[in-house]
Amino acid sequence: MSDSPLDDSPLQTVKLSLDDTIQFRCHKEIACFNECCKRIDITLTPYDILRLKKRFGLTSNEFLAQYTLPYEMDGDGMPGVKIKTADDNPACPFLSEEGCSVYEDRPTVCRYYALGLMSMRHENSSTDEDTYFLIKEDHCLGHNEPRTITVRDYRKEQVVDQYDEMNREWRQIILKKRSAGPTIGKPTPRSFQFFFMGSYNLDGVRDFVLSDGFSDVYDLDAATVEQLKTDEVALLKFSFKLLKQVLFGENTIPVKGDAMQKRVQRRREQVKAEPDNPNKDYAGPEMV
Ligand code: SF4
Ligand code: SF4
């Protein structure tokens, strides 16, 4: 199973819209059962990670270390993560004799298979257009099963709505970051670090959002703060807003009027507490 992009994929692909019909069915009795999970190349989305780490009761860092490998999603070095496989075995670590051991929380790519999804935004358009494509791999016998279904109904069957909702906003951030061009400038390593945390390290986002430094700058009401402490879906949606604000300067989260002053004051106190710091008597903007 792979999430190879359409253009350079060796797979047989056919573009589809929601009302197009495919012939496909996957089930436990099929002769190729589990074949697709024995050699994987699966990119995880932030919502995939949220679901899986929750399933295993792991922190973000524990899940990332145990089950994922970082990689660069493009030539600029945009950070992505994939499911990690053993050095000598390309099978998915979640594969069991009975099939997928994380089925209720399986990643987006697995839900869609044997469909793939591509989102594109045309010039002069403010919305993305989703295009689906059928992936036909030789080992997959599901295409020979006598069941036809529309793309729309297949999506329903695989319960992809919540995944799509969360993934859409994240993909828009990626597209925007890639097309930032000269107005925003080439992405910096620091912006990629922030993108990594905001996308994949939800516990890091929570710590950041609940820190004194954050509340000095951002104006969140008490109910929102409480929700962000306990509701990870709300936290991830908030994280996407934060990414847009920090990476693109969008006004997605209210900022306090005296934010800069407070940050300078906090930094000044921190520096004074470090007697060896040569800047201890200075709290200029570059230190903020
Ligand atoms: S997560 Fe489940 S469905 Fe996806 S590749 Fe792994 S075992 Fe297969
Ligand atoms: S039918 Fe295709 S998707 Fe289903 S188990 Fe076989 S190879 Fe995997």
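Residues numbered from 1 in each chain as written. Chains lettered and ligands numbered in written order. Predicted model: local features only at pLDDT ≥ 70, side-chain atom pairs only at ≥ 80, totals over all residues.

### Points about the overall build of the protein
Okay, step 1: A count of helical and extended segments in the protein gives twelve helices and ten strands.
Okay, step 2: Considering only intrachain contacts with a sequence separation of at least 6, the fraction spanning at least 24 residues in the protein is 69%. (Helix = DSSP H or I, 4+ residues; strand = E, 2+ residues; numbered from the N terminus. Contact = placed C-beta atoms within 7 Å.)

### Quick notes on the environment of Q66
Okay, step 1: Tracing the backbone shows Q66 in helix α2 (residues 60-67).
Okay, step 2: Taking the C-alpha atoms as reference points, Q66 and I83, separated by 17 residues in sequence, lie 9.5 Å from one another.

### Notes on the sheet that holds strand β4 (residues 68-72)
Hydrogen bonds between backbone atoms are what pair the strands of a sheet, whose relative direction is either parallel or antiparallel.
Okay, step 1: Read from one edge of the open sheet, three strands run β3-β5-β4, paired in antiparallel fashion. Of all the strands in the sheet, just β3 (43-44) and β4 have a single pairing partner and so form its edges. (Pairing = 2+ DSSP bridges.)

### Comments concerning helix α7 (residues 189-200)
Okay, step 1: Across its twelve residues, α7 extends 16 Å between first and last C-alpha, which sits within 8% of the 16 Å expected from 1.5 Å per residue.
Okay, step 2: F195, M197, G198, S199 and Y200 are the residues of α7 that are buried.
Okay, step 3: Each element contacted by the buried residues of α7 is listed here: α1 (46-56), α2, β5 (79-83), α5 (161-178), α8 (202-209) and α11 (232-248). (Expected span 1.5 Å × (residues − 1). Buried ≥ 20, exposed ≤ 12 C-beta atoms within 10 Å, placed from the backbone.)

### Considerations on the site of ligand 2
Okay, step 1: The environment of ligand 2 is formed by 13 residues, the closest being C26, C32, C36, C140 and G142.
Okay, step 2: Of the residues in the shell around ligand 2, the class split is nine nonpolar, three polar and one charged. (Near = placed C-beta within 6 Å. Nonpolar A, V, L, I, M, F, W, Y, C, P; charged D, E, K, R; others polar.)

### Description of the site of ligand 1
Okay, step 1: The environment of ligand 1 is formed by twelve residues, the closest being C37, C92, L95, C100 and C110.
Okay, step 2: Taken together, the residues of the shell around ligand 1 break down into eleven nonpolar, no polar and one charged.

### A few points about the environment of G142
Okay, step 1: On the secondary structure map, G142 appears in the loop between β9 (129-136) and β10 (148-150).
Okay, step 2: Among the residues examined, G142 registers 20 C-beta atoms within 10 Å and is labelled buried.
Okay, step 3: When the C-alpha atoms of G142 and Q23 are compared, they prove to be 8.1 Å apart, with 119 residues separating the residues in sequence.
Okay, step 4: When neighbours within four sequence positions are excluded, G142 is seen to be in contact with F24, R25, C26, I30 and A114.

### Here we look at the nonpolar core
Okay, step 1: Residues I49, I83 and Y113 are the most contacted members of the largest nonpolar core, which totals 41 residues.
Okay, step 2: The contacts of I49, once residues within four sequence positions are left out, are L44, F63 and Y200. (Core = buried A, V, L, I, M, F, W, Y, C linked by C-beta atoms within 7 Å.)

### Quick look at the packing of α7 against α11
Okay, step 1: Running from amino to carboxyl end, α7 crosses α11 at an angle of 170°, the nearest separation of the two axes being 10 Å. Taken together, the axes of α7 and α11 lie roughly antiparallel to each other. On α11, the residues touching S191, F194, F195 and G198 of α7 are S239, L242, L243, V246 and L247.
Okay, step 2: Class assignment of the residues belonging to the contact of α7 with α11 gives a composition of six nonpolar, three polar and no charged. (Axes fitted to C-alpha atoms, helices over the stretch in contact; angles between N-to-C directions. Parallel < 35°, antiparallel > 145°, perpendicular 65-115°, else oblique.)

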